[in-house]
Amino acid sequence: MTKIRYTKERLRSNSRMGIFFAAIGIILVLLSFITSEWKEISLASIGIGQIGAGIFMFIIYYFENKKQYLTLKNGELIKNSLFPKK
């Protein structure tokens, strides 16, 4: 079985974006608890969305690191995605 891997820079980029989004989300949630002056848009809701985006980026990083891009197995070329294609 031969695998064609994603570049290390792509994998690092996904993990960095996950860390960035999660950190910004945590900061926004903490700010919303500290200051209650934000009346129009709740910082907590934006922060929770940012944390969700960070978790999603970590899931993408894990999937791409685990599955890689292409797999050559028994003469079949398989493109790994959510639904693999042969």
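Above: the structure in question.
These figures come from a predicted structure and were not determined experimentally.

**Student:** Where do I start with the sheet that holds strand E2 (residues 70-73) in this structure?
**Tutor:** Working definition: the strands of a sheet are paired by backbone hydrogen bonds and lie parallel or antiparallel to each other. If you walk across this open sheet you meet the three strands as E1-E2-E3, and the pairing is antiparallel. Of all the strands in the sheet, the pair left with one neighbour each is strand E1 (2-4) and strand E3 (76-79). Here the average twist between neighbouring strands, direction ignored, is 20°. In terms of strand pairing, E2 meets E3 through four bridges, oriented antiparallel. Within the sheet, the bridge partner assigned to Thr71 lies in E3 and is Ile78.

**Student:** How should the packing of aromatic side chains be read in this particular structure?
**Tutor:** This model, assessed by the stated rule, comprises two aromatic pairs. Seen in terms of ring centroids, Tyr6 and Tyr69 are 5.5 Å apart; in terms of plane orientation they differ by 65°. Their pairing is edge-to-face. Residue Tyr6 is located in the loop between E1 and helix H1 (8-34), and its partner Tyr69 is located in the loop between helix H2 (43-67) and E2; the two are separated by 63 residues in the primary sequence. Using a relative accessible area of 16% as the deciding quantity, one classes Tyr6 as buried. Given the relative accessible area of 33%, Tyr69 is considered partly exposed. A centroid spacing of 5.9 Å and a plane angle of 55° characterise the contact between Phe20 and Phe21, whose relative ring orientation is tilted. On the basis of relative accessibility, which here comes to 24%, the residue Phe21 falls in the partly exposed class.

Criteria and cut-off values
- Residues numbered from 1 in each chain as written.
- Predicted model: local features only at pLDDT ≥ 70, side-chain atom pairs only at ≥ 80, totals over all residues.
- Heavy atoms only, no water.
- Pairing = 2+ DSSP bridges.
- Helix = DSSP H or I, 4+ residues; strand = E, 2+ residues; numbered from the N terminus.
- Axes fitted to C-alpha atoms, helices over the stretch in contact; angles between N-to-C directions.
- Phe/Tyr/Trp six-rings, centres within 6.5 Å; stacked < 30°, edge-to-face > 60°.
- Buried < 20%, exposed > 50% of the residue type's maximum accessible area, 1.4 Å probe, protein only.

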